[in-house]
Each structure stands twice: as C-alpha cells, then as structure tokens.
Amino acid sequence: MRFLRSTLALLLCSAPLLAQTTPAPAPTPAPAAAAPTPPVWSVGGIDFSGLVDGYYSFNANHPAISSNGNQLRNFDYDANAFSLNMAKLSMSHDADPVGFRVDLGFGKAFTSILASEPNFQHLEQAYVSWKPTKAKGFEADFGEFVTSAGAEVIETKDNWNYSRSLLFALAIPYYHVGLRTSMPITKAFTGGVQVVNGWNNFSDNNSGKTIGITGVYTKTKYTWSGNLYTGPENTSTNKGFRNLIDTTFLLTPTAKFNAYINYDYVQNRNATPVLSKALPVVGQYKTTSLDHLQGIAAAGHYQLTDTLALAGRFEYLADKSSQGGSVGTGSNQALKEFTLTGEYKIPEGMLMRLEYRRDHADLAIFNKGTTKTVQAQSTLELGVVAFFGPKR
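Not measured: the values here are computed from a predicted model.

Secondary structure summary: the protein chain contains three helices and 19 strands in total. Every one of the 392 residues in the protein chain was classed for burial, and the buried ones make up 49%. Considering only intrachain contacts with a sequence separation of at least 6, the fraction spanning at least 24 residues in the protein chain is 60%. Taken as a whole, the protein chain presents about 18,100 Å² of accessible surface, with 64% of it coming from carbon and sulfur.

Pasting the structure below:
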C-alpha cells in the first residue's frame, strides 16, 4: 500500500503531463508482423466497419441463474449459456478539416454501457471532428466519445483477453459527452484537454462539469500514457468531487511480444441533503463519506505465429467503498483475478479466443448453486468475433 500511495502522489504532481496519442482509449499493442493492407470498406468519403461478437461461458460455480451469473464481469455476464456480446456498425470520415464518427450497436454490452440513457441505448459514439489545416495537428471533437482512460477498450478484438479487467469494470467510465481536444506538443508527446458532462451521462446530473487532462509519451519500445478526470458527480449538487487517475506503461520490445502495467485510483466524496428537523432542506447539501478504490494490472501478449497468440493478465484491486456508494462494489474488500487466453485470428476477418479466468475475493461474494456463496469463481469461455472494415 505504501508503494501505491507513493505512486498516487507522483501521479498527482505530474498530472498535467499525462495524455494519450489521440483522444481514443489507451494504445493497443503493435501488430505481430507485417500483413497485407486490408480492403477499405467505403462509399464515397465514408469508411465503414463492423463486427459481431458472441461467446459461450462455463462457470464452475453453476450459479442458479444464468443471466449475470458471471460476477465482476463487463459484457461476458452470462454463465453456462450462449450469449451475444454485441453487434456493431461504424461510419466515419477523417477530419479534412471536418470529419465525424458514429458507432451504432446492439447486445448486452450496449445495454450495460447506456443503461441510464434509454433514448441513446444503441449509440456508443457520435461526434464531429475539426482539424484545421494550419493548426499543427490540433484536433477538437464534439459530441459523445469513449473515455480516454484505461488499458482496455469496449471492443473485444482490440484487447488481448476476451474478458475485461476488474479495472475496466470498476475504476473507469465508458464514455463522456462534451468537448475533447488533442495536439502534438513534441514529436514524442501529445497532450489534450476535455470538458464533459461527467461519467456515462448525456444529461448532466448537476450543473458542474468534469475536466479531463490526457497525454501520451511515445517511443519505439514503449509508450507511457495517463489520464486525469476531476469534477462533481453527485446528483443535484456540485459538492463532492470524483477524481480518477489512470496511467498505463506499454512495452513493445519486439513485434512478437508486448506487455503493459496499468494503475488506477478513483475516489468520490459523497454528498447528502442537509436535514432540518429530520426533513431535507431543499437545495442544500453537505459532503460526507469517501468511497475509493485503487488497483494495478499487469498483462503480456505473445504472438506465436501469424494466426496464433497467447495472452495473460493478473490484477489486484483494493475496494474501499461502502454499500450504496457511488464507486466500487459497495463492499470493503480485496479482489484478485488471473486470466489466460489463447487466440486464433485470420486477417480476413475472424478471431476466436479460448480463455480461463479465476476471480478471488477476501469475502464470500460469488454465488454457488442456489444458496451458497464462496470466495472464488472459475470460468472457461469461448469467444468468436467476426469483423470487417479498414481497421483490423
């Protein structure tokens, strides 16, 4: 814990230096080997891409109900069942100087991402881009876009493992609505600033705004990226801030082997209405408890052949949230998980992943059978993704 506190202090001091190469999520690993340029699916100046992602998951605990039987998961929720993660279609036009992107989709992933937005439950991203020709690489995007935080992204095919990490599920948002900017500062460093409604909301739950500072430092053999988000996230009041520090160190020593270390710290200072004679005073709030968590993940990816790859991930997360809290699981507990993934991928547009995962908690939180809870959960799942488009 002393190491994590020292790391947090260092990141807080250097927060303005953290950024991403682009306003997109953390960088994905370099391709294992040079491959033929895939065909560009386009009509006029609009590029199209899409995917269908499904899986079968076996849960050794045999929870009584299949739906959401895989606990602590994002998107691969269902146990001992076939399920559709997502079907997605994307349309985009690179800014020249004006561009746009729209991502539409269906499936349980989209239901989860946009659970609080029934009017937009099929919309992952929709934004307009502006990149002035004489602005030295400056770009501004306005609309809905995925978060810059995290070492993993929403689309399975762009990650190393089939399941998402605990940090992805519990520490970071999915998307933001507002304005994001990015600009190359040097040949190696790109910085950006974002002004958004908050976390995962089209309509803001208060009058305050969340500020994001992003950045990335890229060299041939490694990339260091970081993100800082801060702003009020409590409903109906601007009292109490939510702060997120996210940083990823990606190693790319060879074309065949990549690895990363991802650290996240998130906290929310809660706020409750002021009471007068046991009744809330309209419009008056006071700050109360602090929910927070922090965790670290390490992962590696090795390309065995042009079509076969092996990936592993281990992470530890200390959850200091309370029941009904705004971040975390709502239990004060320590979580660990180990994942091992084998992949078969053909560049024509298909990948299959066979994955073993073991989750462990220091509390008995995992359902087993109809009445019992235990401290661990083991799953084995097969995921299949078919995809097309210019970015394979």
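Generally speaking, soluble globular proteins have nonpolar side chains that are buried together. One finds Phe75, Ile113, Ile154, Tyr174, Tyr175, Leu244 and Val266 to be the most contacted residues of the largest nonpolar core, which totals 37 residues. Mapped by element, the contributors of at least two residues to this core are α2 (108–113), α3 (166–170), β7 (175–184), β13 (279–303), β16 (350–361) and β19 (376–388). Filtering out sequence-adjacent residues up to four positions away, Ile154 remains in contact with Phe75, Met86, Ile113, Glu124, Val146, Arg164, Phe168 and Tyr174. Among the nonpolar cores identified, the runner-up in size contains six residues, and Trp160, Leu250, Tyr260 and Ala311 belong to it.

We now examine the packing of aromatic side chains. If you walk through the whole model with that rule in mind, you get 11 aromatic pairs. When the ring of Phe75 is compared with that of Phe168, the centres are 5.9 Å apart and the planes differ by 75°; the resulting orientation is edge-to-face. In this pair, Phe75 sits in the loop between β2 (46–59) and β3 (81–93) while Phe168 sits in helix α3, placing the two residues 93 residues apart along the sequence. One aromatic cluster in this structure is built from Phe75, Phe168 and Tyr174. Lying across the ring of Tyr127, Arg180 places its NZ or CZ 4.9 Å from the centre.

To continue, consider the environment of Leu179. Tracing the backbone through its elements, the reader meets Leu179 in strand β7. Judged by its relative accessible area of 34%, Leu179 is partly exposed. Once the C-alpha coordinates of Leu179 and Phe142 are considered, the two residues, 37 residues apart in sequence, prove to be 4.7 Å apart. If sequence neighbours within four positions are ignored, Leu179 has contacts with Ala140, Asp141, Phe142, Phe145, Val193, Gln194, Val195 and Val196.

Applying the stated rule across the entire model yields 17 salt bridges. Its salt-bridge partner being Arg73, residue Glu381 comes within 3.9 Å of it at the nearest N-O pair. Placement of the pair is Glu381 in strand β19 and Arg73 in the loop between β2 and β3, with a sequence separation of 308 residues. Per residue, the accessibility class of Glu381 equals that of Arg73, and both read buried. We note a salt bridge from Asp78 to Lys108, for which the minimum N-O separation is 2.8 Å. With Asp78 in the loop between β2 and β3 and Lys108 in helix α2, the pair connects residues that are 30 residues apart, well separated along the chain. Linked by salt bridges that have partners in common, Arg73, Asp76, Glu152, Arg313, Glu315, Glu337, Arg357, Asp359 and Glu381 make up one network.

Now for unusual backbone geometry. A cis geometry characterises the amide bond from Asp96 onward to Pro97, with omega recorded as 5°. Tracing the chain through its elements places Pro97 in the loop between β3 and β4 (98–106).

With that settled, the discussion passes to the environment of Ala318. Along the chain, Ala318 turns up in strand β14 (residues 308–320). Looking at Ala318, the relative accessible area reads 6%, which means it is buried. The spacing of Ala318 and His292 is 26 residues in sequence and 8.8 Å in space, taken between C-alpha atoms. Sequence-distant contacts of Ala318, defined by excluding residues within four places in its chain, comprise His292, Leu293, Gln294 and Gln333.

Let us now look at the pairing of strand β5 (residues 123–130). In terms of strand pairing, β4 meets β5 through seven bridges, oriented antiparallel. Bridged to Asp103 within β5 is Gln125. Both β5 and strand β6 (residues 139–146) contribute to a ladder of five bridges, which runs antiparallel. Bridge pairing links Tyr127 to Gly143 in β6.

What follows concerns the side chain of Arg357. Examined against the element boundaries, Arg357 turns out to sit in strand β16. When its relative accessible area of 0% is taken as the criterion, Arg357 is described as buried. Within the structure, the side chain of Arg357 is placed 2.8 Å from the backbone oxygen of Arg164, a separation counted as a polar contact. Once you skip the residues sitting within four places of it in the chain, Arg357 turns out to touch Leu72, Arg73, Ser163, Arg164, Leu166, Arg313, Glu337, Phe338, Thr339, Gln377, Ser378 and Thr379.

Within β6, seven of the eight residues are buried, which leaves the element mostly enclosed by the surrounding structure. Examined bridge by bridge, β6 and β7 share eight bridges and lie antiparallel to one another. Looking at β7, one finds that Val146 is bridged to Tyr175.

This part takes up the confidence of the model for the protein chain. Confidence along the protein chain averages 89 in pLDDT terms, with 89% of residues attaining 70 or more. Confidence over residues 1–38 falls short of pLDDT 50; this stretch has 84 contacts with residues more than four positions distant or in other chains.

Cut-offs and rules
- Residues numbered from 1 in each chain as written.
- Predicted model: local features only at pLDDT ≥ 70, side-chain atom pairs only at ≥ 80, totals over all residues.
- Heavy atoms only, no water.
- Helix = DSSP H or I, 4+ residues; strand = E, 2+ residues; numbered from the N terminus.
- Buried < 20%, exposed > 50% of the residue type's maximum accessible area, 1.4 Å probe, protein only.
- Contact = heavy atoms within 4.5 Å.
- Areas by Shrake-Rupley, 256 points an atom, 1.4 Å probe, with all protein chains shown as cover.
- Core = buried A, V, L, I, M, F, W, Y, C linked by side-chain atoms within 4.5 Å.
- Phe/Tyr/Trp six-rings, centres within 6.5 Å; stacked < 30°, edge-to-face > 60°.
- Lys NZ or Arg CZ within 6 Å of the ring centre and 35° of its normal.
- Salt bridge = Lys/Arg side-chain N within 4 Å of Asp/Glu carboxyl O.
- Pairing = 2+ DSSP bridges.
- Polar contact = N/O pair within 3.5 Å; in protein donor to acceptor, adjacent residues only side chain to side chain.
- pLDDT = per-residue confidence, 0-100.

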